[in-house]
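Residue-level listing of the chains:
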There are 4 protein chains.
Amino acid sequence: MIIVVKKESDESQLNSLVNWIKGLGLEVNVSRGENSVILGIVGDTSLVDADLIGSVGIVEKISRIQEPYKAANRKFHPEDTVINVGGNLIGGKNFQFIAGPCSVESEEQIIAVAKAVKAAGAAVLRGGAFKPRTSPYAFQGLRDAGIKLLLEAKKETGMPVITEIMSVEHLDLFEDVDVIQVGARNMQNFELLRELGRLRKPIFLKRGLANTVEEWLMSAEYIMSGGNTEVILCERGIRTFEPYTRNTLDLSAVPLVKEKTHLPVFVDPSHASGLSRLVSPLSLAAVGAGADGLIIEVHNDPERALCDGAQSIRPEKFAELVQKVDYMLPLVGKIRG
Amino acid sequence: MIIVVKKESDESQLNSLVNWIKGLGLEVNVSRGENSVILGIVGDTSLVDADLIGSVGIVEKISRIQEPYKAANRKFHPEDTVINVGGNLIGGKNFQFIAGPCSVESEEQIIAVAKAVKAAGAAVLRGGAFKPRTSPYAFQGLRDAGIKLLLEAKKETGMPVITEIMSVEHLDLFEDVDVIQVGARNMQNFELLRELGRLRKPIFLKRGLANTVEEWLMSAEYIMSGGNTEVILCERGIRTFEPYTRNTLDLSAVPLVKEKTHLPVFVDPSHASGLSRLVSPLSLAAVGAGADGLIIEVHNDPERALCDGAQSIRPEKFAELVQKVDYMLPLVGKIRG
Amino acid sequence: MIIVVKKESDESQLNSLVNWIKGLGLEVNVSRGENSVILGIVGDTSLVDADLIGSVGIVEKISRIQEPYKAANRKFHPEDTVINVGGNLIGGKNFQFIAGPCSVESEEQIIAVAKAVKAAGAAVLRGGAFKPRTSPYAFQGLRDAGIKLLLEAKKETGMPVITEIMSVEHLDLFEDVDVIQVGARNMQNFELLRELGRLRKPIFLKRGLANTVEEWLMSAEYIMSGGNTEVILCERGIRTFEPYTRNTLDLSAVPLVKEKTHLPVFVDPSHASGLSRLVSPLSLAAVGAGADGLIIEVHNDPERALCDGAQSIRPEKFAELVQKVDYMLPLVGKIRG
Amino acid sequence: MIIVVKKESDESQLNSLVNWIKGLGLEVNVSRGENSVILGIVGDTSLVDADLIGSVGIVEKISRIQEPYKAANRKFHPEDTVINVGGNLIGGKNFQFIAGPCSVESEEQIIAVAKAVKAAGAAVLRGGAFKPRTSPYAFQGLRDAGIKLLLEAKKETGMPVITEIMSVEHLDLFEDVDVIQVGARNMQNFELLRELGRLRKPIFLKRGLANTVEEWLMSAEYIMSGGNTEVILCERGIRTFEPYTRNTLDLSAVPLVKEKTHLPVFVDPSHASGLSRLVSPLSLAAVGAGADGLIIEVHNDPERALCDGAQSIRPEKFAELVQKVDYMLPLVGKIRG
């Protein structure tokens, strides 16, 4: 950590700052330049509150060298984290598909889709029970009933399941859910993250739509600092000025995040663009970028095709996609786990 | 609501869509152009799930004419909402100051700041008890103990108090808090909003750092649709590419939001820039833009000045600012309530 | 084009607007709703100035159905545009590499890199002569001398060359350059685009760092409306809030733009991230997304490796990348042209 | 300037970097930490190409302490720059209005508006002759004829005039223009900036719609490094995700930029929002934020009111605004110059 102190600061204020930092168990090297004094802080600064120091009156600039996350940091854990989800390995050399409908709607629907995506190669079944919706008047999901239907499909097909949590209060309902998803809008719901850190169950942490890679890793750190080390990251698009797509899928983040952390990184091409016809090209793009897996919305409801989600693809299309991805995997040094 | 249907759609799909919309109790006018069919939907479309219709295969484009919010909409409630907070009126012709420290730290601190800001003209006392922090290793506030200290200051000074809630589970602690703040990161924590809609207590709803004005009003609608009509909006800066300021204060949003809704709109110049020396110019700017009030961080801690918040100003500076604002109020047709 | 007229507008203003639009040779359908009057405009609206109509006092909202670009629009030209650059086909089924150093530095350097990238499979040689630099004190390129060296390399290797133009005044220098590049910062330098429209030579149009897909296509339209139909689009990253990468490569734009236009779309993974170690994963991602080619910075300067561009890769690495891309091409239905 | 060198770098590479920097006439302090080596660079680093150093393989991070601009930097020129435009002072304690129509349309129009805005208190007349338009099919301004009409209005009213340049080639036409405007889309047209630096005439430099404050100041530096020190900055809104306003006016930039530079800073509330009804509140906001002046679009064309610019206000409204601003000026320590 580098602290640049304003030139005009008086000596007693500077000493006071230096002593305060030393009191945190860190070493301080002072270099005096013509226009400023530079403090080089040596030691484990990941626990230092940089905002607090940055807010000190005499500080002109503060710049971290060490990343502010520790448990999630590849520097301290060079080996890839590999997570076992119902016998399927996630992370490392393994590539996995998570697939299923946007919302759980009925027993028939969820079981039919589960069978179809399992046959096509999906390892984990997804299905929304609690749905975050911008409007209070929009369909909010089947909620607890949706989770029950999802667990029916798990029993029927043997697939492990993933679904989204929206409040700490609902945690009891997730006991038999294999992977708990934290949605983009809750990426910085710190009270929720803290509770999930107390579990011993994989957490699927979507990137917030206006959150930096560093904030995303800090949210993983919230969970991990509670002792739950099984976090799967998921890039799902960020908010930009471009209106043609719902979000801008940030695929540069994939190789970058994999450098910085040992956690697996998935990509959600369905939510990113909001357009089903972009799911296939963006999936191949995600594989090329080095993702550890894909989470894909698949529907199977020919009668209601009229009102199908614009971002969902049909099982046949999904099966085709799996084959294309399989063709690509050797290129990126992965196998379907 | 205007729906543009793709030219190549077949007649039966079109009929199916038209009938489905009519089933929602709406009228549909069909105009056939050379390249597309246009459906004009007449009636109360605020309850219509536009995303769902937009996702229909044959739909090329959907465009709302009526806003998707109703309770918050000035069209249906032309009169300004005026909210009484411990005898202080907020909204309408009234301009108010909310002031206090970033975090509640001790009884002495909160009472001293409370007295100082009250003397300077603040109507409501702010003070953080639960603090949302990006890092799990940063100070998280005094939590329930902080709320107790804040209520001590309320008893001592008679000022109503505002503080932030971070989880539905903490709701009991807020019984004697006068105004509950929803922070930027929880603006789309829909489960929390829904619970706050069940209360009969003013909610201070900060704009999310990457949320549009429409999403912000939809979050107000979540609270209001539960029957709690006392929502105060607060602009606090949005996330942009500019790194010199922590956020970009969106003052254009103030006159715009006041056109669209009857709810009071405050501005938080302290968090927006993160720089105490910008608090005064941005406060005057907010008044010029038509804000109904300001929420300002004020500290009073000469001994620890070294580690004071970079975004907090001292009581003397706050008192000076109140005088400048008072000079401006006639220009914008307001009085200090 | 749909125009929503405010409910409170008087009849004479409405008639005046309707007549004015009819005067442009368009048909107007008037539908009267409860809260507004809706005008459906039928005919070729691509030449209509929507801003002007939107600015009319009685207009509440204007929404285009037809895109504002015509020459660039796939609706009117369904076949892919294929451009011949010195015998190499760009667009359609063809995939091409453009490669070379960031800046032309010397005859030895440019010829050595040219030979290396040609051997590895590049079709076109790139090399910066005029360099847009944020600081007036930074190296601005060799300018006209740089173009001469680039043309030497063309003569020596037979490769067609591409380099960036920064001002209309330099146009004479580009006579023997095969493809003229318009950089991101000049994407809306309309006077320059207009001049390039008078040429009969391919233009390589980079997307501006804060420009929408529609604005990008409108800039292509500027060139094409002058009669020069050979435009190659290039996505190179947009500006977002994320600081870890220099720009955010918008790969969703690739399949989207290919739907909307018949022009070839390239991707520049070197400038997008600014990090050489991301060039390879982002290149594979671009191929997966459906790009028609890649433009890659390659350096070959072992002695000065210390100061080599962080975004350039070495020829061996480039050759390896070409092989990986070749493996992928059948997946996306392309061949190396 | 602080350079963090990767821990694993070998000694010879480090020496090579240190010697290279010393060769630029700078001093280098080397501090060795546990995880990295830190180089503190002392001396005038404004001429150093930080991108180049940042691109060196062994460099982990580079961070400027000194700003990269010098002529524009308040540290080196603490006194406000005051510019004389036809007898009107701009900058320092002086507040000025620039007003006029969006486009020059006819002699009658420009002279009538000029007289009206002069009577209301405007010091300088604006009027667009060359108009940057996204579509090649939209009205592009009267171009050279427009400049002639503007100069007629100058002769008739004695007001100095400002108008936008779009290409170096048109420079001759601007000989009698008092202030040359560089539009947002040309803020990084470096060849144009360089030419304007050769003039001895005030340049009105609008901020690019996706440019940081630092880039904006670097563009001023381009002009000033050529010897033309009379640059007026103008904030006109930046591009964000918010669709309700055309741009997001960044008023925090005003006090911030005034700290960093001695140049005058104007605000353009007309283009920022694109909505005439926001011109007045955003103007008062700009004054509160500390702007040195406003540039306002004013039309006067009752017959064609139907097609008036949505962002222009009428002369009466402008006169009213001038009075409100005059009331505020003592608050911000300014007088109308």
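Residues numbered from 1 in each chain as written. Chains lettered and ligands numbered in written order. Predicted model: local features only at pLDDT ≥ 70, side-chain atom pairs only at ≥ 80, totals over all residues. Heavy atoms only, no water.

Caption draft 1: Representation of the relation of the copies chain C and chain A in the model. After a rotation of 180° and a shift along the axis of 0.0 Å, chain C superposes on chain A with an RMSD of 0.0 Å. Each copy turns onto its partner about a two-fold axis. Proximity to the rotation axis, assessed at the C-alpha, singles out A285 of chain C in chain C; its C-alpha lies 1.8 Å from the axis. Looking at the interface residues of chain C, 100% of them are also at the interface in chain A, so both copies use one shared face. (Least-squares fit on C-alpha atoms with pLDDT ≥ 70 in both. Contact = heavy atoms within 4.5 Å.)

Caption draft 2: Looking closely at unusual backbone geometry. All names here are of chain A. One non-glycine residue, R143, adopts positive backbone phi at about 55°. Tracing the backbone through its elements, the reader meets R143 in the loop between strand 8 (124-126) and helix 4 (144-157). Look at R143 and you get partly exposed, because its relative accessible area is 22%. (Helix = DSSP H or I, 4+ residues; strand = E, 2+ residues; numbered from the N terminus. Buried < 20%, exposed > 50% of the residue type's maximum accessible area, 1.4 Å probe, protein only.)

Caption draft 3: Fine view of the relation of the copies chain C and chain D. Note on the copies: chain C fits chain D at an RMSD of 0.0 Å, the axial shift is 0.0 Å, and the rotation between them is 180°. Of the interface residues in chain C, 98% have counterparts in chain D that sit at the interface too, so the contact is made through matching surfaces.

Caption draft 4: Looking closely at the interface of chain C and chain A. Listed by partner, the interface residues are 40 residues for chain C and 40 residues for chain A. For the pair chain C and chain A, the summed buried surface comes to about 3300 Å²; carbon and sulfur atoms form 69% of the total. Among the residues of chain C in contact with chain A, F241, Y244 and L331 of chain C are the three that bury the most area, contributing 22% of the side total. Taken together, chain C and chain A are joined by four salt bridges. Our count for the contact surface shared by chain C and chain A stands at nine residue pairs in polar contact (both at pLDDT 80 or more). The set of elements that each furnish at least two residues to the side of chain C that touches chain A consists of helix 6 (213-225), helix 7 (253-260), helix 9 (279-289) and helix 10 (315-328) of chain C. With six residues, helix 9 of chain C is the largest single contributor of residues to the side of chain C that touches chain A. Residue composition of the side of chain C that touches chain A, by class: 24 nonpolar, seven polar and nine charged. (Buried area = accessible area lost by both parts, 1.4 Å probe. Salt bridge = Lys/Arg side-chain N within 4 Å of Asp/Glu carboxyl O. Polar contact = N/O pair within 3.5 Å; in protein donor to acceptor, adjacent residues only side chain to side chain. Nonpolar A, V, L, I, M, F, W, Y, C, P; charged D, E, K, R; others polar.)

Caption draft 5: Looking closely at the sheet that holds strand 2 (residues 27-32) of chain B. All names here are of chain B. With respect to topology, four strands assemble into an open sheet ordered 2-3-1-4, the strand pairing being antiparallel. Sheet topology places strand 2 and strand 4 (59-63) at the edges, where each strand pairs with a single neighbour. Going across the sheet, the axis of each strand differs from the next one's by a mean of 20°, ignoring polarity. Docked against the sheet, helix 1 (residues 11-22) engages strand 1 (2-6), strand 2, strand 3 (36-42) and strand 4, running at close to 150° with respect to strand 2. (Pairing = 2+ DSSP bridges. Axes fitted to C-alpha atoms, helices over the stretch in contact; angles between N-to-C directions.)

Caption draft 6: Focus on the pattern of salt bridges. The final tally for this structure, using the stated rule, is 72 salt bridges over all chains. Here E242 of chain A ties to R207 of chain C by a salt bridge, and the two come within 2.9 Å at their closest N and O atoms. Of this pair, E242 of chain A sits in the loop between strand 12 (231-235) and helix 7 (253-260) while R207 of chain C is found in the loop between strand 11 (203-206) and helix 6, placing the two residues in two different chains. The residues E242 of chain A and R207 of chain C share a single accessibility class, namely buried. Of the charged contacts, one joins R74 of chain B and D80 of chain B as a salt bridge, the two residues approaching to 2.7 Å between their closest N and O atoms. Owing to a relative accessible area of 19%, R74 of chain B belongs among the buried residues under this scheme. Taking relative accessible area as the criterion, D80 of chain B reaches 33% and is therefore assigned partly exposed. Overlapping salt bridges, with partners in common, bring together R207, E235 and D250 of chain A together with E242 of chain C in one network.

Caption draft 7: Molecular detail of the sheet that holds strand 4 (residues 59-63) of chain D. All names here are of chain D. Pairing in this open sheet of four strands is antiparallel, and the strands run 2-3-1-4 from one edge to the other. Here the strands that pair on one side only, and so sit at the sheet edges, are strand 2 (27-32) and strand 4. Direction aside, the axes of adjacent strands within the sheet are offset by 20° on average. When strand 1 (residues 2-6) meets strand 3 (residues 36-42), the two strands line up antiparallel, connected through five bridges. By the bridge assignment, V4 is partnered in strand 3 with I38.

Caption draft 8: Highlighting helix 3 (residues 107-120) of chain D. All names here are of chain D. The end-to-end C-alpha distance of helix 3 is 20 Å, a good match for the 20 Å that 14 residues give at a rise of 1.5 Å each. Those residues of helix 3 lying buried are Q109, I110, I111, V113, A114, V117 and A120. Where the residues of helix 3 are buried, they touch strand 7 (94-100), strand 8 (124-126), helix 4 (144-157) and helix 10 (315-328). Phi turns positive, to about 125°, at G121, one or two residues after helix 3. (Expected span 1.5 Å × (residues − 1).)

Caption draft 9: Structural view of the interface of chain C and chain D. With 53 residues of chain C in contact, the opposing surface of chain D contributes 52 residues. Between chain C and chain D, roughly 4400 Å² of surface is buried when both sides are summed, and carbon and sulfur atoms account for 54% of that area. Counting every contact that joins chain C to chain D gives four salt bridges. Note that R143 of chain C is salt-bridged to E191 of chain D, the shortest N-O span being 2.9 Å. The interface formed by chain C and chain D holds 17 residue pairs in polar contact (both at pLDDT 80 or more) in total. Elements supplying a minimum of two residues to the side of chain C that touches chain D: helix 1 (11-22), helix 2 (50-54), helix 5 (190-197) and helix 6 of chain C.

Caption draft 10: Up close: the packing of helix 9 (residues 279-289) of chain B against helix 10 (residues 315-328) of chain B. Residues and elements named next belong to chain B. Contact geometry for helix 9 and helix 10: axes closest at 10 Å, N-to-C directions at 25°. The angle between the axes of helix 9 and helix 10 places the two elements in the roughly parallel class. Crossing geometry of helix 9 relative to helix 10 is assigned as right-handed. Of the residues in helix 10, those touching helix 9 at V279, S280, S283, L284, V287 and G288 are L321, K324, V325 and M328. (Parallel < 35°, antiparallel > 145°, perpendicular 65-115°, else oblique. Left-handed = near helix turned anticlockwise from the far one by under 90°.)

Caption draft 11: The arrangement of the domain arrangement of chain A in detail. When the domains of chain A are assigned, the result is domain 1 (2-63) and domain 2 (83-336). For domain 1 of chain A and domain 2 of chain A, the distance between their C-alpha centres works out to 42 Å. (Domains from an automatic or database assignment.)

Caption draft 12: Representation of the side chain of D268 of chain B. All names here are of chain B. Within the secondary structure layout, D268 lies in the loop between strand 13 (265-267) and helix 8 (269-273). Engagement of the side chain of D268 in a polar contact is seen with the backbone nitrogen of S270, the distance being 2.9 Å. For D268, the residues in contact, after removing those within four places along its chain, are K206, C234, E235, R236, L249 and I295.

Caption draft 13: Inspection of the packing of aromatic side chains at higher detail. Residues and elements named next belong to chain C. Enumeration over the complete set of coordinates arrives at 22 aromatic pairs over all chains. A ring pair is formed by F95 and F97, whose centres lie 5.5 Å apart and whose planes are at 70°; its orientation type is edge-to-face. In this structure F95 comes out as buried when scored by relative accessible area, which is 0%. Where F190 meets Y222, the ring centres are 4.7 Å apart and the plane angle is 20°; that geometry is what we call stacked. (Phe/Tyr/Trp six-rings, centres within 6.5 Å; stacked < 30°, edge-to-face > 60°.)

Caption draft 14: A look at the pairing of strand 9 (residues 161-165) of chain B. Residues and elements named next belong to chain B. Strand 9 sits mainly inside the fold: five of its five residues count as buried. Here strand 9 pairs with strand 10 (residues 179-182) via four bridges, running parallel. Note on strand 10: the bridge partner recorded for E164 is Q181.

Caption draft 15: View of the pairing of strand 10 (residues 179-182) of chain C. Residues and elements named next belong to chain C. Side chains V179 and Q181 of strand 10 all project onto a buried face; the interleaved residues I180 and V182 project onto the opposite face, where all are buried too. Sheet topology note: the strand 10/strand 11 ladder contains three bridges and is parallel. Looking across to strand 11, one finds that V182 is bridged to L205. The parallel pair strand 10 and strand 11 is bridged by helix 5, and the resulting crossover is right-handed. (Right-handed = clockwise from strand over helix to strand, strands pointing away.)

Caption draft 16: Layout of the nonpolar core. If you look at the biggest cluster of nonpolar residues, it comprises 314 residues, and the most contacted ones within it are F318 of chain A, F318 of chain B, F318 of chain C together with F318 of chain D. When residues no more than four places from it in sequence are discounted, the contact partners of F318 of chain C are F97, A99, V117, A120, A122, I296, V298 and I313 of chain C. (Core = buried A, V, L, I, M, F, W, Y, C linked by side-chain atoms within 4.5 Å.)

Caption draft 17: View of the environment of L196 of chain A. Residue and element names in this part refer to chain A. Mapped onto the elements of the fold, L196 is located in helix 5 (residues 190-196). Look at L196 and you get buried, because its relative accessible area is 0%. Once the C-alpha coordinates of L196 and G227 are considered, the two residues, 31 residues apart in sequence, prove to be 9.5 Å apart. Leaving out residues up to four positions away in the same chain, L196 has contacts with L171, I180, V182, I203, I223 and N228.

Caption draft 18: Seen up close, helix 4 (residues 144-157) of chain B. Residue and element names in this part refer to chain B. The terminal C-alpha atoms of helix 4 lie 20 Å apart, and with 14 residues this matches the ideal 20 Å at 1.5 Å per residue to within 8%. Of the residues making up helix 4, those classed as buried are G146, I147, L149, L150, A153 and T157. Relative to the axis of helix 4, the buried residues are bounded by an arc of 160° and lie together on one face. Opposite its buried face, helix 4 presents the exposed residues K148 and K155, each directed more than 90 degrees away. Here the buried face of helix 4 lies against helix 3 (107-120), strand 8 (124-126) and strand 9. G158 lies just past helix 4 and shows a positive phi near 80°. (Arc of directions from axis to C-beta.)

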